[in-house]
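Descriptive analysis of the structure
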Amino acid sequence: MSKKIGIEALSRRSFLRSAATVGAAAIAAPAFAQSALDDLINAPRRGSWDDQFDAKAASRTATRVVSNTPILGPDSAGSMQMAIAQHQQIVANGGWPQVNSAVKLQLGVVDTSVQTLRQRLFISGDLPQEAGMSSAFDSYVDGAVKRFQARHGLPADGVIGEFTLKAMNIPADVRLQQLNTNMIRVQTFPADLGRRHVMVNIPAAYIEAIEDGSVATRHAAVVGRISRPTHIINSKIYEVILNPYWTSPRSIVEKDIMPLMRKDPTYLERNAIRLIDGKGNEVSPETIDWNGEAPNLMFRQDPGKINAMASTKINFHNKNNEYMHDTPQQGLFNKLMRFESSGCVRVQNVRDLTNWLLRETPGWNRQQMEQVIASRVNTPITLGEEVPVYFVYISAWGMPDGVVQFRDDIYQMDGNAELALDTTAGTEQPVQ
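Quantities reported herein were computed from a predicted structural model and do not represent experimental measurements.

Side chains of a nonpolar character, in soluble globular proteins, are inclined to be buried together. Core analysis: the biggest nonpolar cluster contains 34 residues, and V198, I237, M324 and L357 have the highest contact counts within it. Leave out the neighbours within four places in its chain, and V198 touches I207, E208, A209, I237, L353, W356, L357, V387, P388, V389 and Y390. Membership of the second largest hydrophobic core comes to 24 residues, among which are I71, F189, A396 and F406.

Moving on, we come to the sheet that holds strand β6 (residues 273–276). Pairing within the open sheet is antiparallel, and its four strands lie in the order β5-β8-β6-β7. Each end of this open sheet is capped by a strand with a single partner; those strands are β5 (246–247) and β7 (282–283). Sheet analysis places β6 next to β7, joined by two bridges and oriented antiparallel. Its bridge partner lying in β7, I276 is registered against E282.

Relative to the helices and strands, I252 is located in helix α9 (residues 250–263). Residues I252 and F299 lie 47 residues apart in sequence; the distance between their C-alpha atoms is 9.8 Å.

It is worth spelling out the packing of helix α4 (residues 76–92) against helix α8 (residues 172–187) at this point. Between two packed helices, what matters for the description is the angle formed by their axes and the separation of those axes. Where α4 contacts α8, the axes come no closer than 9 Å and their chain directions differ by 160°. Considered as vectors, α4 and α8 are oriented roughly antiparallel to each other. Seen from above, α4 lies across α8 with left-handed handedness. Between α4, through S76, A77, M80, Q81, A83, I84, H87, Q88, I90 and V91, and α8, the contact on the second element is made entirely by A172, D173, R175, L176, L179, N180, N182, M183 and V186. Residues belonging to the contact of α4 with α8 are distributed by class as follows: eleven nonpolar, six polar and two charged.

With that out of the way, let us pick up the pattern of salt bridges. Following the criterion strictly, the structure yields 19 salt bridges and no others. Linking R185 and D414 is a salt bridge whose minimum nitrogen-to-oxygen distance equals 2.8 Å. Here the residue R185 occupies a position in helix α8, and D414 occupies one in the segment after β15 (404–406), the gap between them amounting to 229 residues. On the basis of relative accessible area, D414 is assigned to the buried category, the value being 3%. Across the pair D264 and R270 runs a salt bridge whose closest N-O atoms are separated by 2.5 Å. Each of R195, R196, E211, R359 and E360 takes part in a single network of salt bridges with overlapping partners.

Another point: the packing of aromatic side chains. Enumeration according to the criterion identifies four aromatic pairs in this entry. Centroid distance F189 to Y390: 6.3 Å. Interplanar angle 80°. Geometry classified as edge-to-face. Pair noted here: F189 is in the loop between α8 and β1 (196–201) and Y390 is in strand β13 (residues 379–392), with a separation of 201 residues, a long-range link. Both residues of the pair, F189 and Y390, belong to the buried class.

A large share of strand β4 (residues 233–242) lies buried, amounting to seven of its ten residues. Across nine bridges, β4 lies against β13 in antiparallel orientation. Among the inter-strand pairings, V240 is bridged to a residue of β13, identified as I381. Alignment of β4 against strand β9 (residues 312–316), held across five bridges, turns out to be antiparallel. Bridge pairing in β9 places I241 opposite K313.

Cut-offs and rules
- Residues numbered from 1 in each chain as written.
- Predicted model: local features only at pLDDT ≥ 70, side-chain atom pairs only at ≥ 80, totals over all residues.
- Heavy atoms only, no water.
- Core = buried A, V, L, I, M, F, W, Y, C linked by side-chain atoms within 4.5 Å.
- Buried < 20%, exposed > 50% of the residue type's maximum accessible area, 1.4 Å probe, protein only.
- Contact = heavy atoms within 4.5 Å.
- Pairing = 2+ DSSP bridges.
- Helix = DSSP H or I, 4+ residues; strand = E, 2+ residues; numbered from the N terminus.
- Axes fitted to C-alpha atoms, helices over the stretch in contact; angles between N-to-C directions.
- Parallel < 35°, antiparallel > 145°, perpendicular 65-115°, else oblique.
- Left-handed = near helix turned anticlockwise from the far one by under 90°.
- Nonpolar A, V, L, I, M, F, W, Y, C, P; charged D, E, K, R; others polar.
- Salt bridge = Lys/Arg side-chain N within 4 Å of Asp/Glu carboxyl O.
- Phe/Tyr/Trp six-rings, centres within 6.5 Å; stacked < 30°, edge-to-face > 60°.

Structure (structure tokens):
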């Protein structure tokens, strides 16, 4: 079991100080379907510069990190070894400099600290040598910063914000250690993961559906918070439920729904939650004493747009009652840090993933799926063939094209507190 820490009250600095007290055991915490409860209850200034300007440079360099090559595959170990060799050479040459500035570093700024920024980006391969050395934050630096941000799972806006600066100032030897740790993880997987399979990378908070060695569709995800982590799982997806019911766990009934009903007796009706007894009969909320103990009844939410799982639930075999699902709170996927659930995984554009999963199940296509969802009728669908799913913890990896990706060590499993960021922040604050 992981120790629950009051992360909401911690700054990044105090969070990192306390991080040493939380080890890899955090991953073993039992998970419940409370991510569903969370859904239920709840023009850049341009200055002067003395260097070149290329309006296309920024967009080109940022998009180069995108690849249809999956993180896990036959070439993964070789790509990781290439990334490790690259960082071994960087460390042997003295690493990269720390970037510090008294001004906000963004396009148009002219400041001596930009020279250090250029050097940092040269060394990591984000800024080409031909961009030169000057104090101007020009379009080449802007493109290099965006490339760096994209490689680290940060919004590629070209501005040196709080998290970008902290990711940039993690020493090269720490990044090398992170790569070595993840190399061991990658080597535990077989080269053949299945012709069609799904990978959920927890620290990256995204999902890949892979077919014939290529990423068919990729999705942002919301995964478990540090106190309720998503488990590492090798399993198989066996069922998709369109218009799922959501059944509240007993703990949520006691801690959340009972107090809500005392304050607002219409809460259950407004949220389409019905009370069902042991014989399957519906019980009227007016017959319940909401000031007493929680009744021994099922609290079941009808399918629909306000359902905590919205349109879809994806089931796979596991002992932790975890699943993937849709959400009515689509704004969650726009957040910088998407570690907010209690183990279950919300999926952005889940209908694309569902359509892919059902493609080899006779009788189902996208049009039929959408018609069923529009009907709001609960419809379980057994897959014609179960699809392997791998929940993995890979916070650093290399690609065959030489691009190296890093993510924050959200569950503090990589052995260095510097690799974790404050997961409660929703936006990256500018550095003044």
